[in-house]
Amino acid sequence: MLENEIFNKYKVITDNLINYGFFLDNDKYIYKKRFHNNFLAEITIYKGKLTGKVIDLDFDSEYTLFRVSDPGSFALDVKNSYNDILLDIRSKCFKEMPYRSSYANCVNDYIKKKYNSLPEFPWYDKSNKDSGIYRDKKTNKWFALIQYVDLNKLDANLSGKCEIINLKISSSKYNIKGIYPAYHMNHEKWISVILDGSVSLDLIYKLVDESYTNVIGKVIHTWLIPSTAGDGMWSLDDYFSNKYVTWNQSSNVHVGDTVYIYVSKPYSCIMYKCKIVNTFLPGFAHYKYSMELEVLKKYERGKYSLDLLRKYGVKAVRGPRSIPDELVNYIENK
């Protein structure tokens, strides 16, 4: 269907519908527009799904000739005009999503938030163009792949197409509905999970974490991030007396990473140790995103000074940077 082709990776922005011209009929949003002199486009949005039909007003009946594979010139004109209406609705009332299903998009959001990984779509042929891979930013290894496939490739008893996610987990570990030996990958080392509700999102998130660990290992990134003393040391102390604080996010950080806060002049030392518990929160000032930190420890002022940092190869702290393992070991063992 033409409507499915145009809206298959788009999500409705409900708040925009009334201003655009839709009216609410019970729980359905309906839009009508006359075009091509004697035709009426009737668009319905119900539970986020858009359907449409064209009415020939001369005969007061639905017109479908434009939907055939090779329409005549007049039907093609009708199709093009109707297509323009749909595209305008899409541009004003919908936003583009990475995938077709809400399940796949929820998984995408989880991976983005926890691992700071956005999907890459490296294939351009028609059968694979919607396949998105996810990589760890530091190692460049990929740990997940979302695809849109014929389900009978997983199980001969299934039919239709659906999005799946391939994860690096032994196929012998999970023998439950919705999980199969991986499509197009090593059947022993990878699994395919159907993203249609057969498997709960909570379990899928757990499987994503397991795949990440299997591919990358239990890697904890550690960061050294600078700060100024602000209006005075007391204000900064007051801020970090809270269990959780919000901080600008400007690096390829992950939930679970460790952050050491370095306070610049007049103190020039590491003052706080934190753990990242949330990322991609609304930004502030000139930062696009912010992150939530759990404050773990406050250090004695001057204990881990810039002079000490220089002994471990940290000559300056002008922006977020990695911190040498030797320095981390010194701080933690001290």
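Please refer to the structure placed before this passage.
Residues numbered from 1 in each chain as written. Predicted model: local features only at pLDDT ≥ 70, side-chain atom pairs only at ≥ 80, totals over all residues. Heavy atoms only, no water.

Student: Let's hear about the side chain of S211: which residues, and what values?
Tutor: Looking at where S211 falls in the secondary structure, it is placed in helix α5 (residues 201-216). A residue is classified by how much of its surface remains accessible, and S211, at 0% relative accessible area, is buried. The contact partners of S211, leaving out residues within four places of it in the chain, are F143, L167, K168 and I169. (Helix = DSSP H or I, 4+ residues; strand = E, 2+ residues; numbered from the N terminus. Buried < 20%, exposed > 50% of the residue type's maximum accessible area, 1.4 Å probe, protein only. Contact = heavy atoms within 4.5 Å.)

Student: So what's going on with the packing of helix α4 (residues 102-115) against α5? Residues and values would help.
Tutor: Geometrically, a packed helix pair is captured by the angle between its two axes and the distance between the axes. The contact between α4 and α5 brings their axes to 11 Å, and the two run at 45°. Relative to α5, the element α4 is oriented oblique. Our pair here, α4 against α5, has a crossing hand that is right-handed. Side by side, α4 and α5 meet where Y103, C106, V107, Y110, I111, K114 and Y115 of the first sit next to L201, I204, Y205, V208, D209 and Y212 of the second. (Axes fitted to C-alpha atoms, helices over the stretch in contact; angles between N-to-C directions. Parallel < 35°, antiparallel > 145°, perpendicular 65-115°, else oblique. Left-handed = near helix turned anticlockwise from the far one by under 90°.)

Student: Which residues make up the pattern of salt bridges, and what values go with them?
Tutor: Tallying each qualifying case throughout the model produces 14 salt bridges. For E294, the salt bridge goes to K275, with nearest N and O atoms at 4.0 Å. Residue E294 is found in strand β17 (residues 289-298), and its partner K275 is found in strand β16 (residues 269-282); the two are separated by 19 residues along the sequence. For E294, a relative accessible area of 14% translates into the label buried. Take K275: its relative accessible area is 34%, and that puts it in the partly exposed class. (Salt bridge = Lys/Arg side-chain N within 4 Å of Asp/Glu carboxyl O.)

Student: Go over unusual backbone geometry with me, naming the residues and quoting the values.
Tutor: Cis geometry marks the peptide bond from K265 to P266; its omega dihedral reads 10°. Positive phi, close to 50°, is recorded for N116, a residue that is not glycine. Summarising the element assignment, N116 is placed in the loop between α4 and β8 (132-135). The class of N116 is buried, set by a relative accessible area of 7%.

Student: I'd love a proper account of the nonpolar core, names of residues and values included.
Tutor: Counting residues in each nonpolar core, the largest one holds 27 residues, and the members touching the most others are V107, F143, I165, L167, V193 and V208. Going through the elements one at a time, α4, β9 (142-150), β10 (161-167), β12 (191-194) and α5 are the ones with two or more residues in this core. Of all hydrophobic cores here, the second largest spans 25 residues; its members include L2, L17, F35 and F39. (Core = buried A, V, L, I, M, F, W, Y, C linked by side-chain atoms within 4.5 Å.)

Student: Which residues make up the packing of aromatic side chains, and what values do they have?
Tutor: Using the criterion set out here, one finds 25 aromatic pairs in the structure. With a centroid separation of 4.7 Å and 55° between ring planes, the pair formed by F7 and F94 is classed as tilted. Placement of F7 in helix α1 (residues 2-7) and of F94 in strand β7 (residues 94-96) is noted, with a sequence separation of 87 residues between them. The structure contains a cluster of three or more aromatic residues connected by ring pairs, namely F35, F39, Y63, F66, F74 and Y82. The residue whose ring lies beneath K28 is Y46, and the NZ or CZ to ring-centre distance is 5.5 Å. Across from the ring centre of Y148, 3.8 Å away, lies the NZ or CZ of R100, which sits over that ring. (Phe/Tyr/Trp six-rings, centres within 6.5 Å; stacked < 30°, edge-to-face > 60°. Lys NZ or Arg CZ within 6 Å of the ring centre and 35° of its normal.)

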